[in-house]
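This is what each chain is made of:
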Amino acid sequence: MEWPNHKRLALMLSFDIDAETLWLTRNPINYHHPVHLSRGLYSVKQGIPRILRMLEAEGVHATFFTPAYTAELHPDVIRCIAGEGHEISYHGWLHESYPDYDRENALMEKAETIIEGITGKKPCGTRIPDGYVYDFHLQLWLDRGYIYSSNWRDNDGPFLHKIDGKTVPIVELPKDGIVDDTSYDMYTIQAPEHHYLRSGREMVGIWMDEFDGLAEEGRMMNFVMHPQFIGHPQYVRALREFIRYAKDNGAWIATDEDVARYYLSRNGFPEYGKSIDK
Ligand SMILES: [Zn+2]
């Protein structure tokens, strides 16, 4: 794959702002436990401000997959993220998806309206909570004007989706558990139980090794980072080290939307492109 300005790899620093929804949707008991919910709240109170300061200092832009419920509860935070030039993308309302077209369509309409009301822009990409993508989803995304998905896990590079054998202008930007911070930094003894804990240095050490291999092949990395965990100081410092390493080693750091538009414009859909100035 050829990336802009002969860069070696496309790097998307994407975050999932699951915030309170991570706890509410995995364990209903949490509706009555403000202390459990406060773990989600850490993302908007501490993690995101710290991450935004670091991204600004490094001069890079990221994508934030945002449940619209989170946007409703914390509109100022979402407005601030968008105001700094980052992308807000689709991630359900209460971190959910439905198994039929009509209910999912209504859910997307509701979530898009909330996000557009805050940022002035409708999302154009989607990461379905917990990966529950159904057969109808590609057609629904096409009908709603989406240009990318970050759900599949079967490739190290972008590809175009097909519906009934016909290529459609929806780019897949795959993800993987290797670049999901919760594989390393999420520790909790109640549902959803997670007992992994590695230092930030170990985490980005794995990411640097992964980067080297993928850059050698000219591929991409699309992250899945949760500010309530990776927003702790040692992890943000480690992420900063990784970003500096990536910059020094030929990464094109861009939002999911920018990478999707770049890929579409060079693969049969030039009308979706826009100038890439990096
Ligand atoms: Zn999520």
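Residues numbered from 1 in each chain as written. Predicted model: local features only at pLDDT ≥ 70, side-chain atom pairs only at ≥ 80, totals over all residues.

Enquirer: What's the story with the nonpolar core in this structure? I'm lost.
Expert: One broad trend across soluble globular proteins is that nonpolar side chains are buried collectively. Formed by 73 residues in total, the largest nonpolar core has its most connected members in L9, A10, L11, M12, M221 and V259. What M12 contacts, discounting residues up to four positions off in sequence, is T63, L173, M221, N222, F223, A254, T255, D256 and V259. (Core = buried A, V, L, I, M, F, W, Y, C linked by C-beta atoms within 7 Å. Buried ≥ 20, exposed ≤ 12 C-beta atoms within 10 Å, placed from the backbone. Contact = placed C-beta atoms within 7 Å.)

Enquirer: Just checking my understanding: could you explain the sheet that holds strand β12 (residues 251-253) for this structure?
Expert: Note: strands within a sheet are paired through backbone hydrogen bonds, in either parallel or antiparallel orientation. In spatial order, the strands read β11-β1-β12; together these three strands make up an open sheet with parallel pairing. Only two strands of the sheet have a single partner each, and these edge strands are β11 (220-222) and β12. Neighbouring strand axes in the sheet, compared pairwise and without regard to direction, differ in orientation by 20° on average. In this sheet, β12 lies alongside strand β1 (residues 9-12) in parallel orientation, the contact comprising three bridges. (Pairing = 2+ DSSP bridges. Helix = DSSP H or I, 4+ residues; strand = E, 2+ residues; numbered from the N terminus. Axes fitted to C-alpha atoms, helices over the stretch in contact; angles between N-to-C directions.)

Enquirer: Before we go on, may I ask you to explain the environment of G165 in this structure?
Expert: Structurally, the position occupied by G165 is in the loop between β7 (159-163) and β8 (166-172). G165 gets classed as exposed once you count the C-beta atoms within 10 Å, which come to 5.

Enquirer: Any chance you could explain the packing of helix α2 (residues 34-58) against helix α10 (residues 233-248) here in plain terms?
Expert: To characterise two packed helices, one gives the angle between the axes of the helices and the distance between these axes. At a minimum axis distance of 10 Å, the contact between α2 and α10 shows a crossing angle of 20°. Regarding the angle of α2 to α10, the classification is roughly parallel. The element α2 and its partner α10 pack so that their crossing is right-handed. Taken together, the residues of α10 that come into contact with α2 (itself represented by R50, I51, M54 and E58) are P233, V236, R240 and I243. Tallied by class, the residues present in the contact of α2 with α10 amount to five nonpolar, no polar and three charged. (Parallel < 35°, antiparallel > 145°, perpendicular 65-115°, else oblique. Left-handed = near helix turned anticlockwise from the far one by under 90°. Nonpolar A, V, L, I, M, F, W, Y, C, P; charged D, E, K, R; others polar.)

Enquirer: So what exactly am I meant to see when it comes to the pairing of strand β3 (residues 63-66) here?
Expert: Both faces of the sheet carry side chains from a regular strand, because those side chains alternate between them. Going residue by residue along β3, you find T63 and F65 tucked away on one face and F64 and T66 tucked away on the opposite face as well. With four bridges connecting them, β3 and strand β4 (residues 87-90) associate as parallel partners. For T63, the partnering residue across the bridge sits in β4 and is E87.

Enquirer: Looking at this structure, I do not really get the pairing of β8. What am I missing?
Expert: Inspection of the sheet shows strand β6 (residues 148-149) paired to β8 by two bridges, in the parallel sense. Residue pairing across strands places Y148 opposite V171, the latter belonging to β8. Bridging between β7 and β8 involves four bridges; their strand directions are antiparallel. The partner of F159 across the bridge, within β8, is E172. The turn joining β7 and β8, which pair antiparallel and follow one another in sequence, is formed by two residues; a positive phi near 50° is taken by D164.

Enquirer: Explanation requested: helix α8 (residues 200-216) in the structure shown.
Expert: The periodicity of an α-helix, 3.6 residues per turn, causes residues three or four positions apart to be oriented the same way. Between its first and last C-alpha atoms α8 spans 24 Å; for 17 residues at 1.5 Å apiece the expected length is 24 Å, and the two agree. Of the residues making up α8, those classed as buried are G200, M203, V204, W207, F211, L214 and A215. One side of α8 carries all its buried residues, which in axial view fall inside an arc of 90°. Of the residues in α8, the exposed ones pointing more than 90 degrees away from the buried face are R201, D209, G213 and E216. Buried residues along α8 sit against β1, α7 (182-185), β11 and α10. Note on α8: the residue one or two positions beyond its end, G218, has a positive phi of about 70°. (Expected span 1.5 Å × (residues − 1). Arc of directions from axis to C-beta.)

Such coordinate-based values are descriptive only and should not be taken to indicate function.
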